[in-house]
Amino acid sequence: MTETANARKIAFATFIRRALDEARATRAWSGTEVSRRTGVSRQTINRWVRGDWASDPEAERVVAFCEGLGLNPATAFAALGWERTNTPHDAPTAPPMDPDVAALLRRLVAPDVSDAEKFHIRETIRYLAYRPTLPVDVRNRGQQAG
């Protein structure tokens, strides 16, 4: 293995380890939970941590891992030594952000907000993000009763 390939493996493994440590520390996620939230198997994540891969990780899996943890995939791509300035697909323009969501994001990065409150905000967001969606007819019944 060349020094460059080895350095890339070490850099990517370090990125993955830091992401996992952050998920454990701030979200109390286990390896199984990280796997569930990212859609990347624990075996794959463990191989990445060990730098035990013969060919580069699949870009789609790297993106899924990053998005599941709220990380910018460009950081992972940089660790892998990939130049990803041009995306193969035109990225859709993000819809405008809801003002309430923007306010929550500002609170999550504000230095004067306690860690306990940030934890509570994250847990509430997680609950809302992953709860089952009500069927359309149930949602409409509430509007008709009023």
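Our structure's up above, just so we're on the same page.
Residues numbered from 1 in each chain as written. Predicted model: local features only at pLDDT ≥ 70, side-chain atom pairs only at ≥ 80, totals over all residues. Heavy atoms only, no water.

A. Representation of the nonpolar core within the structure. Ranked by internal contacts, the top residues of the largest apolar core, which has 23 residues, are Phe12, Ile16 and Phe65. Among the secondary structure elements, those contributing two or more residues to this core are α1 (3-27), α3 (42-50), α4 (59-69) and α5 (73-80). For this core, the leading source of residues is α1, giving six residues. Once residues lying within four places of it in the same chain are set aside, the contact partners of Phe65 are Phe15, Ile16, Ala19, Leu20, Val34, Thr38, Val40, Ile45 and Trp48. (Core = buried A, V, L, I, M, F, W, Y, C linked by side-chain atoms within 4.5 Å. Buried < 20%, exposed > 50% of the residue type's maximum accessible area, 1.4 Å probe, protein only. Helix = DSSP H or I, 4+ residues; strand = E, 2+ residues; numbered from the N terminus. Contact = heavy atoms within 4.5 Å.)

B. Representation of the packing of aromatic side chains. Taken as a whole, this structure holds five aromatic pairs when the rule is applied. Taking 5.3 Å as the distance between ring centres and 70 degrees as the angle between the ring planes, the aromatic pair formed by Phe12 and Trp48 counts as edge-to-face. Here Phe12 is found in helix α1, whereas its partner Trp48 is found in helix α3, with 36 residues between them in sequence. When the ring of Phe12 is compared with that of Trp53, the centres are 6.2 Å apart and the planes differ by 85 degrees; the resulting orientation is edge-to-face. (Phe/Tyr/Trp six-rings, centres within 6.5 Å; stacked < 30°, edge-to-face > 60°.)

C. Focus on α4. Taken residue by residue, α4 has Ala59, Val62, Phe65, Cys66, Gly68 and Leu69 as its buried positions. One or two positions beyond α4, positive phi appears at Gly70, with a value near 75 degrees.

D. How the structure looks around the pattern of salt bridges. A complete count under the given rule lists seven salt bridges for this structure. With a shortest N-O distance of 3.5 Å, Asp21 and Arg24 are connected by a salt bridge. Of the two residues, Asp21 and Arg24 both sit in helix α1, three residues apart, roughly one turn of that helix. What makes Asp21 partly exposed here is its relative accessible area of 45%. In this structure Arg24 comes out as partly exposed when scored by relative accessible area, which is 43%. One salt bridge in this structure joins Glu33 and Arg37, with 2.5 Å as the shortest N-O distance. Pair noted here: Glu33 and Arg37 are both in helix α2 (residues 31-38), with a separation of four residues, about one helical turn. Here Arg37 falls in the buried class, since its relative accessible area comes to 18%. Within the structure, one salt-bridge network assembled from shared partners comprises Glu33, Arg36 and Arg37. (Salt bridge = Lys/Arg side-chain N within 4 Å of Asp/Glu carboxyl O.)

E. How the structure looks around the environment of Arg50. With respect to the helices and strands, the residue Arg50 is situated in helix α3. In this structure Arg50 comes out as exposed when scored by relative accessible area, which is 54%. For the pair formed by Arg50 and Ile16, sequence separation is 34 residues and the distance between their alpha carbons is 9.7 Å.

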